[in-house]
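Letter by letter, the chains look like this.
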Amino acid sequence: MQQDVNTGFLEAIPLPAVLVDQSERLIAANMASQGLLGKNLVGRHFATILRQPGVIAAIESCLEDRKPRNARHLSNDGAQDTTYDVTLGYVPSIGAVEAGAVLVTFTDVSEREQAGQMRRDFVANVSHELRTPLTALVGFIETLQGPAREDSNARDRFLSIMSDEAARMNRLVGDLLTLNRVESRERQRPKERLDLALHLQSVLKTMQPLAENNSVTLNLGLPEGVESPDAYEIAGDPDQLLQVFINLVENAIKYGGDHVEVTLEFLERDRSLRGPAVQVTVRDNGQGIDPIHLPRLTERFYRADSHRSRELGGTGLGLAIVKHIISRHRGRLRINSERAVGSTFTVLLPR
Ligand SMILES: Nc1ncnc2c1ncn2[C@@H]1O[C@H](COP(=O)(O)OP(=O)(O)O)[C@@H](O)[C@H]1O
Ligand SMILES: [Mg+2]
């Protein structure tokens, strides 16, 4: 071991860092490396500490040709995987170690990796969702140009299906743009004020035709004894909150039973919001949602029942949009559901 080598500079590197000399042993290791590689590292052969083949090969090559290199190091602390980008560079001579040593540093790139993976998954999902209606459209166009050219019955039927498929694509693109807009504004708090009672009344009016088509009764419960005209006012983005409640009521009509109850309540103090809040609940008496789906329900394209959602023209983005809008308003969304009893979506907004 090289006692006379000054390797204190390693402590100035804000990453796990170790030095491996030509004897293939660690001659220094900074404090940050202990969390990743353990204690008492100095003096040991590097391959007993860094066992991953890619890292071993990179260190061996670097000791030989002294050229910089990169490798991947995966660690698992039992709870989660962490990916490190390992950077190797040759330090020509360090004090008495005239032959020099390899400086090995570890950068945690897990977040970047995860973001990359999410982006890839998202692109794959969007492509898949767009391709399905597009394939149908292309197929019907070909049929209309060929075999069904002179068949007016078939033509009408196919055109009607094509129109539905085009509308589905349109909804998907619309939802994607909405999601994008909501996400890009997520850090700006809404400043406008709106009357939540009026707002909910207009949501119910808008959804009435859909409810009637589905033989669903809609009911709005407002708190009693509220006198001042601005009592229902909160700070919020009117268009976005309209979207939240339309999405929730629409889901309740589509996936619920035959009755939907929307209620507005004032809370003197809500624990999670640490202050006065308004609470809007959208409750249905449908089949409910299996608990295994609940944690992931607000993810983009996640559906509890894909078949039903697609059949009803859903994009799978509604609750993702809802979640982002509520988070922009510093509110909370809670989902409770009981099989064969129904589901309750609760929106809490600061007052
Ligand atoms: N009230 C509800 N009852 C039962 N399932 C629901 C309810 N609301 C939402 N879901 C489930 O959550 C999924 C995601 O909802 P959403 O993001 O709005 O997508 P979409 O309605 O386009 O399918 C739906 O596909 C459905 O399976
Ligand atoms: Mg929906």
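Heads up: the structure comes first, above all this text.
Just so it is clear, the model here is predicted, and its values are computed rather than measured.

Side note on the nonpolar core
Grouped together as the largest cluster of nonpolar side chains are 44 residues, with contacts concentrated most on V244 and F245. A domain split of this core shows at least three residues from each of domain 2 (109–184) and domain 3 (189–351). Grouped together as the second largest cluster of nonpolar side chains are 23 residues, V18, L26, L63 and V86 included.

Concerning the packing of helix α5 (residues 152–184) against helix α9 (residues 318–328)
Contact pair α5 / α9: the axes reach a minimum separation of 9 Å and the direction vectors enclose 20 degrees. Judged on the interaxial angle alone, α9 and α5 are roughly parallel. Every pair of crossing elements has a handedness; the one defined by α5 and α9 is left-handed. Along the contact surface, α5 presents D175, T178, L179, V182 and E183, while α9 presents A320, I321, H324 and I325. Of the residues in the contact of α5 with α9, the class split is 5 nonpolar, 2 polar and 2 charged.

Observations concerning the layout of surface pockets
Rolled over the atoms, a probe as big as a water molecule pinpoints where empty space is left. Of the voids in this model, the largest pocket is the one considered here, and its volume is about 930 Å³. In terms of lining, the largest pocket is formed by 38 residues, of which the most central are N251, K254, Y255, S309 and L319. Mapped onto the lining of the largest pocket, the elements with two or more residues apiece are α5, α7 (238–255), α8 (306–311), α9 and β12 (342–350). Class assignment of the residues belonging to the lining of the largest pocket gives a composition of 13 nonpolar, 15 polar and 10 charged.

Some points on the pairing of strand β10 (residues 275–284)
Taken across its 10 residues, β10 has 8 buried, putting it largely inside the fold. Relative to β10, strand β9 (residues 259–270) runs antiparallel, the two sharing 9 bridges. Residue pairing for β10: L267 is matched across the bridge by A277. Linkage of β9 to β10, two consecutive antiparallel strands, is achieved through a turn of 4 residues, within which R274 is found at a positive phi near 50 degrees. With 7 bridges connecting them, β10 and β12 associate as antiparallel partners. Paired with V278 across the two strands is L349, which belongs to β12.

Details of the pattern of salt bridges
In the structure shown here, the tally under the stated rule is 10 salt bridges. E129 is the partner of R303 in a salt bridge, and the nearest nitrogen-oxygen pair spans 3.0 Å. One end of the pair, R303, is in the loop between β10 and α8; the other, E129, is in helix α4 (residues 110–145), and 174 residues separate them in sequence. The class of E129 is buried, set by a relative accessible area of 10%. Where salt bridges share partners, they join E129, R303 and R310 into one cluster.

What counts and how
Residues numbered from 1 in each chain as written. Chains lettered and ligands numbered in written order. Predicted model: local features only at pLDDT ≥ 70, side-chain atom pairs only at ≥ 80, totals over all residues. Heavy atoms only, no water. Core = buried A, V, L, I, M, F, W, Y, C linked by side-chain atoms within 4.5 Å. Buried < 20%, exposed > 50% of the residue type's maximum accessible area, 1.4 Å probe, protein only. Domains from an automatic or database assignment. Axes fitted to C-alpha atoms, helices over the stretch in contact; angles between N-to-C directions. Helix = DSSP H or I, 4+ residues; strand = E, 2+ residues; numbered from the N terminus. Parallel < 35°, antiparallel > 145°, perpendicular 65-115°, else oblique. Left-handed = near helix turned anticlockwise from the far one by under 90°. Contact = heavy atoms within 4.5 Å. Nonpolar A, V, L, I, M, F, W, Y, C, P; charged D, E, K, R; others polar. 1 Å grid on protein atoms, 1.4 Å probe; cavity = no way out; pocket = protein on both sides within 12 Å on 5 of 7 lines; lining within 4 Å. Points joined across faces, edges and corners; volume = space filled by probe spheres on them. Pairing = 2+ DSSP bridges. Salt bridge = Lys/Arg side-chain N within 4 Å of Asp/Glu carboxyl O.

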